Amino acid sequence: MMMKLELAGKTAIVTGASRGIGLATVHALLGEGVRVVGSARRISPELERSGAVSVAVDLAQPVAARQLVDAAVDAYGTVELLVNNVGGGDNLTLAGFVDLTDEDWAATLDLNLMAAVRVTRAALPLLIQRRGVIVNVSSVGAWQPEQPPLAYNVAKAALKTLGRGLANEFARHDVRVVTVTPGPTRTAMWEQYATLAGVPVEDVLAAVPEQIGMITGRLAEPTEVANLITYLLSPRAASITGSDHRIDGGAIRTA
């Protein structure tokens, strides 16, 4: 059932679209009648079947952002909505600060911060023309970085700050920028985390809500995060900009 969010006919780019929150966002937007371009380093069968235009790019590489935006323009002529969701990465490590190398920091920042910087920069002229909306997907680790992966948490905190700065700078062009901050969400990233920790993924999923203080007692589902992203992209949220919207099961109790 469509939520009737007045998004039909708009064009969106969703990065990190092959699985998890990104793939759920692709489906949510398609359900609202949005023309979607989904990017991933490797196109999953699920993304291929979704009905979105799939673009295989590695957004850790500086040239990839321009390639992605050009592909969206080739397909649909413009871009009005941008979801900077790509994150995680093969370099994710639970090493402590002393053991993180310059290469670890550079690789993590490239994918989790600079990818959003570059895609936004490439898409911004189109977003200004169309009074567009940007949603950056951060992480609860930006608010509560007590646990590793530290470099990832720092990158996501910077992404949150980027969103606030962009919202202030481009408000005069009627471009809205908001941040969505998921807490632990049932995605493949937790499988990666469990592998690094040497713990069965089922044990991790069972223990995380209590460890992090999620008062809901469960991880969020990707579709829940996708629904929030879709609402924030819509004209129904026209007065929301520069803000961070946590969907963390109540884990963060500060304002």
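Cut-offs applied
Residues numbered from 1 in each chain as written. Predicted model: local features only at pLDDT ≥ 70, side-chain atom pairs only at ≥ 80, totals over all residues. Heavy atoms only, no water. Core = buried A, V, L, I, M, F, W, Y, C linked by side-chain atoms within 4.5 Å. Buried < 20%, exposed > 50% of the residue type's maximum accessible area, 1.4 Å probe, protein only. Helix = DSSP H or I, 4+ residues; strand = E, 2+ residues; numbered from the N terminus. Contact = heavy atoms within 4.5 Å. Pairing = 2+ DSSP bridges. Axes fitted to C-alpha atoms, helices over the stretch in contact; angles between N-to-C directions. Expected span 1.5 Å × (residues − 1). Arc of directions from axis to C-beta.

A. Region of the structure containing the nonpolar core. Core analysis: the biggest nonpolar cluster contains 28 residues, and Ile-13, Leu-59, Leu-68, Leu-82 and Leu-127 have the highest contact counts within it. At the level of secondary structure, the elements contributing two or more residues to this core comprise α3 (64-76), α4 (102-129) and α5 (150-170). The element best represented in this core is α4, accounting for eight residues. Here Leu-59 is in contact with Thr-15, Ser-39, Ala-64, Ala-65, Leu-68, Val-86, Asp-110, Ala-115, Arg-118 and Val-119, once residues within four sequence places are set aside. If you look at the next biggest cluster of nonpolar residues, it comprises 26 residues, including Ala-52, Val-133, Val-135 and Ala-237.

B. View of unusual backbone geometry. Despite not being glycine, Glu-6 has its phi angle at roughly 60°, a positive value. Looking at the element boundaries, Glu-6 is found in the segment before β1 (11-14).

C. Representation of the sheet that holds strand β5 (residues 133-137) in the model. If you trace the seven strands from one edge of the open sheet to the other, you get β3-β2-β1-β4-β5-β6-β7, paired in parallel fashion. Pairing within the sheet leaves two strands with one partner each, and these edge strands are β3 (53-56) and β7 (244-247). Within the sheet, the average angular offset between the axes of one strand and its neighbour, ignoring direction, is 20°. Direction of pairing for strand β6 (residues 176-182) relative to β7: parallel, over a ladder of four bridges. The residue of β7 that forms the bridge with Val-180 is His-245. Of the strands in this sheet, β1, β2 (35-40) and β3 touch α3, which is tilted by about 150° from β2.

D. Quick look at helix α8 (residues 222-233). For α8, spanning twelve residues, the distance from its first C-alpha to its last is 17 Å, which sits close to the expected 16 Å at 1.5 Å a residue. The complete set of buried residues in α8 reads Pro-222, Val-225, Ala-226, Ile-229, Thr-230, Leu-232 and Leu-233. What you see down the axis of α8 is that its buried residues fit within an arc of 165°, all on one side.

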